[in-house]
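Chain residues, written in single-letter form:
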Amino acid sequence: MSSLPLHRQFPSNFVWGVATSSFQIEGAAHEDGKGESIWDRFCQQPGAIADASNGDVACDHFHRLEEDLDLIASLGVNAYRFSIAWPRVQPLGYGEFNPKGLDFYERLVDGLKARGIQAWATLNHWDLPQGLQDRGGWNDRDTVHRFVDYARHVQARLGDRLDGITTHNEPWVVATLGHDQGIFAPGIKSRRIAAQVSHHLLLSHGLALQALRADGAKSQLGIVLNLASCVPATAMPADIAAAKLADSRGRRWYADPLFKGAYPEDVLAELGADAPVVQPGDMAHIAQPMDYLGVNYYTRSVVSASGEEWNAKGRGLPVSDMDWEIYPQGLTDLLVLLKQDYAQLPPVYVTENGGAFKDDAVVLGRVQDDDRTDYLRTHIAAVASALQQGVPMAGYMVWSLMDNFEWASGYLKRFGIVHVDYGTQSRTPKASAEWYRNFLEAWRA
Ligand code: GBH
């Protein structure tokens, strides 16, 4: 533990940001030639979204760009992480590009640059064009090549002004929640398809990196993984083995191919005939060197051999409004583990971290979300601790800039450091936003 104040534990070139994604904030679902995404479609499925809502309006960010740019700048961050909606840029995901599609993102990026804020763009934060889903989606190998075309198109227009480009946000979520559990779009329930999808996501990442570099990339290129530290529920050997397998499924299945060019043997064995079809050369494509790794961290994962869910709340442990345990030490443990396991580990950004809390009440113009402030402060301290242990930490971004469409939870869960009143679309920075601003001011001084 360092005795320096927290803000002094980070170097002056550290990247501090807030993050969002296209589907969760933009709205304008049918404007300027935008095509349908698999999330537009999924929201129509009865029972799929807790409050039966959709992304048609969301935070109306598409129409409130200038106001939101000023809001971002007011926080004192030096980076903003957002995503580009593929169906805006190429309505069907194949064929014609929409000439208007990138206008909005160009205004966004130029607005960030004018305010001295780095622009970090994610190409796929889950809103795949429905047109591609109709052709098999990520299960179809052709989608890999369609993604590379789309990535090149974005870079050709914006690449000179993007500080970072992320190929995919959380491929585990797309594969497992979208294609195995079916609780996220496109709502498929097949372990075999999910495994193939994960391979195609990784392959498209590697091929996109190669293509973007061949085109003269000026941005830092990488991927964002959702990672948890996995710990056994007890010291019983069976639980220890179960935790090891859970770590292989969630972390190593993605990070090993990226950094070591191979899928972990234990998961391959578990999948058996459901293992993905891997063509010669695929693994080498996937293992392209990256300029950075993005890590999204929310909670740890406590694993038991019985498969019984770890009920943190029932055990009296602190949880957020998602019922995810609040466990900052897990972030340090995870980052240290990455450094231990991967000799090639590039600079690491925590690209998402934050919590949902019940704070939808604006009282006299204030939202007093002390629970969120505590969450952010303790997790930033966990990053500082990883830095001291030699992990090449380069940045930290809060999820999220503002309350938004929380996927299957609809608008019922609020992750923002800025409150959104969905009736009026008025934005109110919460106490946590003030804390973050003050923290960054101290760090800059
Ligand atoms: C991220 O997903 C997304 O990138 C972002 O769009 C989203 O809004 C944000 O997080 C908040 O959800 O399921 O109880 O076992 C995070 C997805 C969250 C999936 C933690 C795994 C483990 C807890 N991950 N979750 S649990």
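As the structure is a computational prediction, the values presented were derived from the model and not from experiment.

Q: Where do I start with the overall build of the protein chain in this structure?
A: Each helix and strand in the protein chain was counted, giving 15 helices and twelve strands. Whereas a compact globule of 445 residues would reach a radius of gyration of roughly 22 Å, the protein chain reaches 21 Å, a difference of no more than 12%. The C-alpha extent of the protein chain, read off along each of the three principal axes, is 60 × 55 × 45 Å. A buried classification covers 58% of the 445 residues belonging to the protein chain. Summarising the internal contacts of the protein chain: among those between residues at least 6 apart in sequence, 78% fall at separations of at least 24. In the protein chain, which carries 40 positive and 54 negative side-chain charges, the distance between the mean positions of the two groups comes to 3 Å.

Q: Which parts of the structure should I look at to understand the pairing of strand 11 (residues 418-421)?
A: Regular strands have side chains that alternate between both faces of the sheet. Direction of pairing for strand 11 relative to strand 12 (residues 426-429): antiparallel, over a ladder of four bridges. Bridging from a neighbouring strand, Val-420 pairs with Arg-427 of strand 12. In sequence, strand 11 turns back onto strand 12 through a hairpin of four residues, with Gln-425 there showing a positive phi of about 60°.

Q: Would you mind showing me how to read the site of the ligand here?
A: Not every one of the 16 residues close to the ligand is listed here, only the nearest: Gln-24, Glu-170, Glu-352, Glu-406 and Trp-407. With respect to the ligand, the side chain of Trp-324 contributes an N or O atom lying 3.3 Å from an oxygen atom. The protein chains hide 74% of the 580 Å² of surface that the ligand would expose on its own. Broken down by class, the residue content of the shell around the ligand amounts to eight nonpolar, five polar and three charged.

Q: Where do I start with the nonpolar core in this structure?
A: The nonpolar side chains of soluble globular proteins are, as a tendency, buried together. Grouped together as the largest cluster of nonpolar side chains are 129 residues, with contacts concentrated most on Trp-39, Phe-82 and Tyr-436. Not counting residues up to four positions away in its chain, the partners in contact with Phe-82 are Thr-20, Tyr-105, Leu-108, Val-109, Leu-112, Ala-119, Trp-120, Ala-121, Thr-122 and Leu-162. Listed in part, the seven residues of the second largest apolar core include Val-15, Tyr-292, Ala-394 and Met-397.

Q: So what exactly am I meant to see when it comes to the sheet that holds strand 4 (residues 164-169) here?
A: Sheet strands associate in pairs through backbone hydrogen bonding, adopting either a parallel or an antiparallel arrangement. Ordered in space as 1-2-3-4-5-7-9-10, the eight strands form a closed barrel in which the pairing is parallel. Taking the axes of each pair of neighbouring strands and ignoring which way they run, one obtains an average angle of 25° across the sheet. Of the pairings in the sheet, the one linking strand 3 (residues 118-124) to strand 4 comprises four bridges and is parallel in character. Directly across from Trp-120, in strand 4, lies its bridge partner Gly-164. Relative to the sheet, helix 13 (residues 329-341) contacts strand 7 (292-296), strand 9 (348-352) and strand 10 (393-399), its axis offset from that of strand 7 by approximately 155°.

Q: Which parts of the structure should I look at to understand the side chain of Glu-170?
A: Position of Glu-170 among the secondary structure elements: in the loop between strand 4 and helix 8 (171-179). Setting aside residues up to four positions removed in sequence, Glu-170 forms contacts with Trp-126, Val-224, Leu-225, Asn-226, Asn-296 and Glu-352.

Q: Explanation requested: unusual backbone geometry in the structure shown.
A: Trans is the prevailing form of peptide bonds, just as negative phi is the prevailing case for residues other than glycine. Between Ala-185 and the following residue, Pro-186, the backbone shows a cis peptide bond with an omega angle of 5°. Looking at the secondary structure, you find Pro-186 in the loop between helix 8 and helix 9 (191-214). Between Trp-399 and the following residue, Ser-400, the backbone shows a cis peptide bond with an omega angle of 10°. As for its position among the elements, Ser-400 is in the loop between strand 10 and strand 11. Although it is not a glycine, Asp-60 adopts a positive phi angle of roughly 55°. Locating Asp-60 in the fold gives a position in the loop between helix 2 (38-42) and helix 3 (65-74). Since its relative accessible area comes to 13%, Asp-60 is described here as buried.

Q: Help me understand helix 15 (residues 431-444) in this model?
A: In an α-helix, one full turn covers 3.6 residues, which means residues spaced three or four apart are oriented alike. Over its 14 residues, helix 15 extends 20 Å from the first C-alpha to the last, a length consistent with the 20 Å expected when each residue adds 1.5 Å. Taken together, the buried positions of helix 15 are occupied by Ala-431, Ser-432, Ala-433, Trp-435, Tyr-436, Phe-439, Leu-440 and Trp-443. Contacts from the buried residues of helix 15 go to strand 1 (15-19), helix 14 (370-388), strand 10 and strand 12.

Q: Any chance you could explain the pattern of salt bridges here in plain terms?
A: Within the structure shown, the criterion is met by 36 salt bridges. Here Asp-341 makes a salt bridge to Arg-251, at a shortest N to O gap of 3.0 Å. Placement of the pair is Asp-341 in helix 13 and Arg-251 in helix 10 (residues 237-260), with a sequence separation of 90 residues. On the basis of relative accessibility, which here comes to 26%, the residue Asp-341 falls in the partly exposed class. Here Arg-251 falls in the buried class, since its relative accessible area comes to 3%. The shortest N-O distance in the salt bridge between Asp-321 and Lys-413 comes to 3.5 Å. In this pair, Asp-321 is assigned in the loop between strand 8 (301-303) and helix 13 and Lys-413 in the loop between strand 10 and strand 11, connecting sequence segments 92 residues apart. Note on Lys-413: relative accessible area 19%, which makes it buried. Among the charged side chains, a network of salt bridges with common partners joins Asp-103, Glu-106, Asp-110, Arg-157, Asp-160 and Arg-161.

Q: Help me out: how do you make sense of helix 5 (residues 103-114) in this one?
A: With twelve residues, helix 5 extends 16 Å between its outermost C-alpha atoms, agreeing within 8% with the 16 Å of an ideal straight helix rising 1.5 Å per residue. Within the sequence span of helix 5, burial applies to Phe-104, Tyr-105, Leu-108, Val-109, Gly-111 and Leu-112. Looking straight down helix 5, one finds that the buried residues subtend no more than 160° of arc, so they occupy a single side. As for helix 5, its buried residues are in contact with helix 1 (22-25), helix 3, strand 2 (79-83), helix 4 (86-89), strand 3 and helix 7 (141-158). Following helix 5 by one or two positions, Gly-116 has its phi on the positive side, about 70°.

Q: Sorry, what's going on with the packing of aromatic side chains here?
A: Note on aromatic pairs: each is described by the distance of the centres and the angle between the planes. Per the counting criterion, the structure on display carries 38 aromatic pairs. Judged by centre distance (5.8 Å) and plane angle (20°), the rings of Tyr-80 and Phe-82 are stacked. Of the residues examined, Tyr-80 reaches a relative accessible area of 0% and is grouped as buried. The rings of Phe-23, Trp-39, Phe-42, Trp-126, Phe-184, Phe-405, Trp-407, Tyr-411 and Tyr-422 are connected pair by pair, giving a single aromatic cluster. Here Arg-135 stacks its cationic end above the ring of Tyr-94, 3.5 Å away from the centre of that ring. In this structure, Arg-300 is placed above the aromatic ring of Tyr-327, and the distance from its NZ or CZ to the ring centre is 4.0 Å.

About the cut-offs
- Residues numbered from 1 in each chain as written.
- Predicted model: local features only at pLDDT ≥ 70, side-chain atom pairs only at ≥ 80, totals over all residues.
- Heavy atoms only, no water.
- Helix = DSSP H or I, 4+ residues; strand = E, 2+ residues; numbered from the N terminus.
- Rg over C-alpha atoms; globule rule 2.2 N^0.38 Å.
- Buried < 20%, exposed > 50% of the residue type's maximum accessible area, 1.4 Å probe, protein only.
- Contact = heavy atoms within 4.5 Å.
- Lys, Arg positive; Asp, Glu negative; His and termini not counted.
- Charge placed at Lys NZ, Arg CZ, Asp CG, Glu CD.
- Pairing = 2+ DSSP bridges.
- Near = heavy atom within 4 Å.
- Polar contact = N/O pair within 3.5 Å; in protein donor to acceptor, adjacent residues only side chain to side chain.
- Areas by Shrake-Rupley, 256 points an atom, 1.4 Å probe, with all protein chains shown as cover.
- Nonpolar A, V, L, I, M, F, W, Y, C, P; charged D, E, K, R; others polar.
- Core = buried A, V, L, I, M, F, W, Y, C linked by side-chain atoms within 4.5 Å.
- Axes fitted to C-alpha atoms, helices over the stretch in contact; angles between N-to-C directions.
- Expected span 1.5 Å × (residues − 1).
- Salt bridge = Lys/Arg side-chain N within 4 Å of Asp/Glu carboxyl O.
- Arc of directions from axis to C-beta.
- Phe/Tyr/Trp six-rings, centres within 6.5 Å; stacked < 30°, edge-to-face > 60°.
- Lys NZ or Arg CZ within 6 Å of the ring centre and 35° of its normal.

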